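# Close look at the chain arrangement
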Number of protein chains: 2
Amino acid sequence: MKRLSQIFQPIITIPKNAKIKNTDITSKSQKLLLECGLVRPTSSGLFTLLPLARRSVDKLENLIKNCIETTGAQRISLPALTPANLWEKTGRIADIGPELVTLKDRHDKQYLLAPTHEETIADLLADVGPLSYKQLPLIVYQISNKYRDEHRPKHGLLRAREFLMLDAYGAHTSLDCAHTTYQRMTAAYQRLFDQLHLPVYQVRAPSGDMGGSVSHEWQLPAASGEDQIHVCVSCSQASLASESQKSCQACGANTKVLSSIEVGHTFILGTKYSDPLGAHYVPSSGPSEPVIMSCYGIGVTRLLASSLEALSTDKALRWPRAIAPYSLIIIGPKEGSKEWSALGENHVHQLHEAICRLPGLDNDVLVDDRHQMTIGKRLMMADRLGYPTIVVCGKAALDSPPRYEVYQTNTEVDATVRMATLDELLDLLSNGHDKDIAANKQ
Amino acid sequence: MKRLSQIFQPIITIPKNAKIKNTDITSKSQKLLLECGLVRPTSSGLFTLLPLARRSVDKLENLIKNCIETTGAQRISLPALTPANLWEKTGRIADIGPELVTLKDRHDKQYLLAPTHEETIADLLADVGPLSYKQLPLIVYQISNKYRDEHRPKHGLLRAREFLMLDAYGAHTSLDCAHTTYQRMTAAYQRLFDQLHLPVYQVRAPSGDMGGSVSHEWQLPAASGEDQIHVCVSCSQASLASESQKSCQACGANTKVLSSIEVGHTFILGTKYSDPLGAHYVPSSGPSEPVIMSCYGIGVTRLLASSLEALSTDKALRWPRAIAPYSLIIIGPKEGSKEWSALGENHVHQLHEAICRLPGLDNDVLVDDRHQMTIGKRLMMADRLGYPTIVVCGKAALDSPPRYEVYQTNTEVDATVRMATLDELLDLLSNGHDKDIAANKQ
């Protein structure tokens, strides 16, 4: 049984306008993650993920891994320390400039901490190459820490200097082939955001420093977002607000403007990296040619924080169910109460065991065993942290059969409450789970 | 069905004394990992883990995670970028000197890329503190990339500049309590090495730059190791060779000298970090005091490479079964052979499905579908890569009932071969698996 009293979760209350070490509080996800004891800043734009946040990131990493691997992508690991000369060959060291974290090793050789790995991948393909056309398309990915020396890191995990990112890279013999991979990867992104039940929009975007011919941003609407998108009120097609248009290009209907946060970006890069770095392949006939590359990014810690921005209230965290630190928390009776005397902790154990037998919940239920605290106080804290389901074992647990208060926090109507017997509770949880599974299969 | 032809595995042959880009070949694990297409150097002491190596590291990370969490340790993530002023407070920035990777950010603030996180943890405890004595002991851990600017990186993954490491930290109210955690963590280490079937010795060690009162190294015997340990021929107690003794302190019997590789290190640190960084706790009575810290490290990529050094021959990789990239590979008939005509690929499919139904093997079987290559050539390559079990579907598959050649590569006797029907094969695999499970439960 996982006990909340055993979890390292340093809860604090930040007075209004208070100065916090290493950080300005500029977003609600940042404030709530800090106050609920999930994240601590160590320095400007750098963060420690405490156990509950780390658990959420684990879940998100697994979801991403499973979605991305449906495309045939293979997981690898590339070093963060990157020889600067690779970036000189593509010209990006000058293009990106002060946002790059750079350093010299003890032999005075110049390195950078990669914000992304197009150069490293092109160099790898050159190093093992030339590949045969039969080996392409090739898709590889990693989930690892990336670095960006932001001038003003802000909003906590939304704009950090060290952050967890998925990056995937495709190598192809032709633009057509690259487009096929691009479609597959687009479907994998959509599958991921469906599983998170997040309304993320794919919008055409300029390629910027990355280069290449096709590019999309993936934007999650959130009131605090710094980007803006136009979304068609009829067909839901979206575009970046910079393209400023009042009617939808696809169907002509009106559009509405939404603030949003970029959570992913995808590119067809062409030969911008493969050409200068010599990543070639041998076609079925004729001389070797540079591979056509594509790349795909999702900011993992950024997506986590963005989803909290989109779903939370000012006072309480709300998570996509699939990545809440725990799906369910049980709050037992207060020590010394009538229920405590009659039921003891054993009743909570049995309730816990019954819930853990449900598929998908076996390792995902937490017990708030801080029995010296009132139920009301613990319920308030559980609601603030946003466990999707909160089960209170209070007075009504003395009824025959015992009944429990059940709070569903991540529904449209905030914190739906109902009383339920054990059978009704198990039924409710099974159906909710089934619904999620059905949604995931769309 | 996982097909070898779909895996990115750039196999090369390195001629004797050849110059390889970015690297000198100085160890057999390094040579074999490179030749078998599992690892590529990107720069001196920096490596890309290709899909098969990444898969092995995934398995090792999971094993470590499961073992370490038996102690109650909670997973967190600390940033690699670390403000240098923390290390100035403990004096380690001067002690370690040029092995630290250091850099300045765009605002000219000094950082280092952490080789270990004692300062960060002490700073975190100070930041959230003072903790109550009721919150202790607290054990946290992470598995993340660490950095060391080695003067001469060598032996591939054995001495890299960026490497994956488990680091765990304990915080306690007393030395007694720290010793209890230390014992638990020692048991977790032993459990891990038992599961890998590696004869790792725990030896008393000087604390060096880390400081503190108690310290052990964990040494794996390997002919290529740069350390030396004395191991008692009678009771197996081991000590560092630097303590130079010819008879065992525990039982008086003779000792033998073994070359070995350090794969882990454990320390009771006392207040070396908590005192200067202000990591205090409040006892049940009296003023707050610095916590007693302990720390625990395992080089993850180093342990992987060390186990290959210990188990492999000069010509073929040999893995602890639990972390081989795949447990089993099936080699199907050559295209155009009599078996191919009679059985086709369908026979291999069915064999694959039958094996995947065995517990623990469902996602861990690979099919070498490069049917244009002879069985002999593919067998040689599978043996060189060291899949623990190789199943060849050749001529004898035409027998009634069909029979398969089964090679067990990670047994004492190298590459045991036998002929087996499907039932015999499944029996053999189930028993082998049971034996592993039994060993893990010791």
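Note that the coordinates shown come from a computational prediction; the quantities given were computed from them, not determined experimentally.

### Description of the interface of chain B and chain A
Taken together, the contact between chain B and chain A spans 53 residues of the former and 53 residues of the latter. For the pairing of chain B and chain A, the buried interface totals around 4600 Å² over both sides, and the portion due to carbon and sulfur atoms is 54%. For the pair chain B and chain A, the number of links is six salt bridges. Inspection of the chain B/chain A interface yields 28 residue pairs in polar contact (both at pLDDT 80 or more). Class assignment for the residues of the side of chain B that touches chain A results in 27 nonpolar, nine polar and 17 charged.

### Focus on the pattern of salt bridges
Counted according to the given criterion, the structure contains 46 salt bridges over all chains. A salt bridge links Arg-159 of chain A to Glu-150 of chain A; the nearest nitrogen and oxygen atoms lie 3.7 Å apart. The salt bridge involving Arg-161 of chain B is made with Asp-149 of chain B; its shortest N-O contact spans 3.2 Å. Within this pair, whereas Arg-161 of chain B is found in the loop between strand E9 (138-147) and strand E10 (162-172), its partner Asp-149 of chain B is found in the loop between E9 and E10, the two being separated by twelve residues in sequence.

### Observations regarding the domain arrangement of chain A
Residues and elements named next belong to chain A. What the domain assignment reports for chain A is domain 1 (7-218 + 263-311) and domain 2 (326-440). Contact with domain 1, which involves 14 residues of that partner, is made by twelve residues of domain 2. The junction of domain 1 with domain 2 conceals about 1000 Å² of combined surface from both sides, 52% of it contributed by carbon and sulfur atoms. The largest per-residue losses of area from domain 1 upon contact with domain 2 belong to Cys-36, Arg-55 and His-197, which jointly make up 37% of the total buried on that side. Counting across the interface, domain 1 meets domain 2 through three salt bridges. A salt bridge links Asp-364 to Arg-55; the nearest nitrogen and oxygen atoms lie 2.7 Å apart. Remark: the boundary between domain 1 and domain 2 carries four residue pairs in polar contact (both at pLDDT 80 or more). Those elements giving two or more residues to the side of domain 1 that touches domain 2 turn out to be helix H1 (28-35), helix H2 (51-69) and helix H6 (175-195).

### With respect to the sheet that holds strand E6 (residues 101-104) of chain B
Residue and element names in this part refer to chain B. Strand order in the open sheet formed by three strands is E5-E7-E6, with antiparallel pairing between adjacent strands. The open sheet has two free edges, formed respectively by strand E5 (81-83) and E6, since each of these has just one partner strand. Averaged over all pairs of adjacent strands, the angle between strand axes in this sheet comes to 35 degrees, irrespective of strand direction. Sheet analysis places E6 next to strand E7 (residues 110-113), joined by four bridges and oriented antiparallel. In the sheet register, Val-101 faces E7, and the bridge partner there is Leu-113.

### Comments concerning the packing of aromatic side chains
All names here are of chain A. Scanning the entire structure with this criterion turns up eight aromatic pairs over all chains. Consider the rings of Tyr-189 and Phe-193, whose centres lie 6.2 Å apart with planes at 80 degrees: the pair is edge-to-face. Remark: Phe-193 and Tyr-189 occur in helix H6; sequence separation between them is four residues, near one turn of the helix. Phe-193 matches Tyr-189 in its accessibility class, with the two residues each being buried. Seen from their ring centres, Tyr-189 and Trp-218 are 4.9 Å apart, and the 50 degrees between their planes marks the pair as tilted. With Tyr-189 in helix H6 and Trp-218 in strand E12 (residues 214-221), this residue pair connects regions lying 29 residues apart in the sequence. The same class applies to Tyr-189 as to Trp-218, namely buried.

### Here we look at the side chain of Thr-116 of chain B
Assignment of secondary structure puts Thr-116 of chain B in the loop between E7 and helix H5 (118-128). Of the polar contacts made by the side chain of Thr-116 of chain B, one reaches the side chain of Glu-118 of chain B; its length is 2.7 Å.

### Some words on the sheet that holds strand E17 (residues 289-290) of chain B
Spatial strand order, E8-E16-E17 (chain B): three strands in an open sheet with mixed pairing. If you trace the sheet from one side to the other, it starts and ends with strand E8 (131-132) and E17 of chain B, each paired once.

### Points about the relation of the copies chain B and chain A
Of the transformation superimposing chain B on chain A, the axial component is 0.0 Å and the angular component is 180 degrees, with the fit at an RMSD of 0.0 Å. The symmetry that links the two subunits is that of a two-fold axis. Considering only C-alpha atoms, the part of chain B nearest the rotation axis is Leu-103 of chain B, at 2.6 Å.

### What about unusual backbone geometry?
Residue and element names in this part refer to chain A. Residue Gly-129 is joined to Pro-130 through a cis peptide bond whose omega torsion reads 0 degrees. Position of Pro-130 among the secondary structure elements: in the loop between helix H5 (118-128) and strand E8 (131-132). In this model, Asp-108 sits at a positive phi of 70 degrees, which is unusual for a non-glycine residue. Tracing the sequence through the fold places Asp-108 in the loop between strand E6 (101-104) and strand E7 (110-113). You can call Asp-108 exposed: its relative accessible area is 55%.

### Overview of H6 of chain A
Between its first and last C-alpha, H6 of chain A extends 30 Å over 21 residues, near the 30 Å set by a 1.5 Å rise per residue. Of all the positions in H6 of chain A, only Cys-177, Ala-178, Thr-181, Tyr-182, Met-185, Thr-186, Ala-188, Tyr-189, Leu-192, Phe-193 and Gln-195 of chain A are classed as buried.

### Some thoughts on the packing of H2 of chain A against H6 of chain A
Residues and elements named next belong to chain A. Interhelical geometry of H2 versus H6 gives an angle of 145 degrees and a closest axis separation of 8 Å. Judged by the twist between their axes, the crossing of H2 over H6 is right-handed. The residues of H6 that touch H2, namely those facing Leu-63, Ile-64, Cys-67 and Ile-68, are Met-185, Ala-188, Tyr-189, Arg-191, Leu-192 and Gln-195. A class-by-class count of the residues in the contact of H2 with H6 yields eight nonpolar, one polar and one charged.

### Here we look at the pairing of E7 of chain B
Residues and elements named next belong to chain B. With three bridges connecting them, E5 and E7 associate as antiparallel partners. By the bridge assignment for E7, Pro-83 is matched with Tyr-111. Taking the residues between adjacent antiparallel strands as the criterion, E6 and E7 are bridged by five residues, where Asp-108 takes a positive phi near 70 degrees.

Criteria and thresholds
Residues numbered from 1 in each chain as written. Chains lettered and ligands numbered in written order. Predicted model: local features only at pLDDT ≥ 70, side-chain atom pairs only at ≥ 80, totals over all residues. Heavy atoms only, no water. Contact = heavy atoms within 4.5 Å. Buried area = accessible area lost by both parts, 1.4 Å probe. Salt bridge = Lys/Arg side-chain N within 4 Å of Asp/Glu carboxyl O. Polar contact = N/O pair within 3.5 Å; in protein donor to acceptor, adjacent residues only side chain to side chain. Nonpolar A, V, L, I, M, F, W, Y, C, P; charged D, E, K, R; others polar. Helix = DSSP H or I, 4+ residues; strand = E, 2+ residues; numbered from the N terminus. Domains from an automatic or database assignment. Pairing = 2+ DSSP bridges. Axes fitted to C-alpha atoms, helices over the stretch in contact; angles between N-to-C directions. Phe/Tyr/Trp six-rings, centres within 6.5 Å; stacked < 30°, edge-to-face > 60°. Buried < 20%, exposed > 50% of the residue type's maximum accessible area, 1.4 Å probe, protein only. Least-squares fit on C-alpha atoms with pLDDT ≥ 70 in both. Expected span 1.5 Å × (residues − 1). Left-handed = near helix turned anticlockwise from the far one by under 90°.

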